[in-house]
Amino acid sequence: MTDVFSVSSERQGATTGIVTLAGEVDIYTAPRFKEGMLELLDGGVHTLIVDLSGVTFIDSTALGVLIGGLRRVHDAGGSMALVVATPAVERVLSITGLDRVFAVYATRAAAAEAVA
């Protein structure tokens, strides 16, 4: 696994989008994450999967972006799921209590099935 940040966003069908992140998502990289997510949401996506399985570090700025995305999705009547596969991200979500706010899955397939 690498700590170099990357983000990609893609549509799957008319109303579903996936944002895939890797590396460190922090105050410096969170704006690119937000941009990728808003591109999908502004384009009519209301079901969103955020794949954090390649994330090695996540800070409060990135958590704020996730919460903002969740609000937008809920306001549109949609749903959002996170894919979390690293202990570091699991721990941050657990400590902050966000593991009870977000639907968290171990695989992208499980997340896609849950939001379908």
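This text goes with the structure placed above it.
Residues numbered from 1 in each chain as written. Predicted model: local features only at pLDDT ≥ 70, side-chain atom pairs only at ≥ 80, totals over all residues. Heavy atoms only, no water.

Visitor: Mind laying out the overall build of the protein, listing which residues take part and the relevant values?
Guide: Along its length, the protein carries four helices and five strands. Principal axes of the C-alpha set define a box for the protein whose edges measure 30 × 25 × 20 Å. The buried share among the 116 residues of the protein stands at 42%. Taken as two groups, the 8 positive and 13 negative side-chain charges of the protein have centres that lie 5 Å from each other. (Helix = DSSP H or I, 4+ residues; strand = E, 2+ residues; numbered from the N terminus. Buried < 20%, exposed > 50% of the residue type's maximum accessible area, 1.4 Å probe, protein only. Lys, Arg positive; Asp, Glu negative; His and termini not counted. Charge placed at Lys NZ, Arg CZ, Asp CG, Glu CD.)

Visitor: For the nonpolar core, give the residues involved together with the corresponding values.
Guide: If you look at soluble globular proteins, the nonpolar side chains tend to sit buried side by side. Core analysis: the biggest nonpolar cluster contains 28 residues, and Phe 33, Leu 48, Leu 66 and Met 80 have the highest contact counts within it. The set of elements that each furnish at least two residues to this core consists of strand 2 (16-25), helix 1 (30-42), strand 3 (47-58), helix 2 (60-75), strand 4 (79-83) and helix 3 (87-96). For this core, the leading source of residues is helix 2, giving six residues. With residues up to four places along the chain from it excluded, the contact list for Phe 33 reads Phe 5, Val 7, Val 19, Leu 21, Val 25, Val 50, Ala 62, Val 65 and Leu 66. Ile 49, Ala 81, Val 83 and Ala 111 belong to the second largest nonpolar core, which has six residues in total. (Core = buried A, V, L, I, M, F, W, Y, C linked by side-chain atoms within 4.5 Å. Contact = heavy atoms within 4.5 Å.)

Visitor: So what's going on with the environment of Thr 96? Residues and values would help.
Guide: In this structure, Thr 96 sits in helix 3. Spatially, the C-alpha atom of Thr 96 lies 9.5 Å from that of Ser 60, the residues being 36 residues apart in sequence. One polar contact links the side chain of Thr 96 to the main-chain carbonyl oxygen of Leu 93, over a distance of 3.2 Å. (Polar contact = N/O pair within 3.5 Å; in protein donor to acceptor, adjacent residues only side chain to side chain.)

Note that every value here comes from positions in space, so none of it alone points to a role or purpose.
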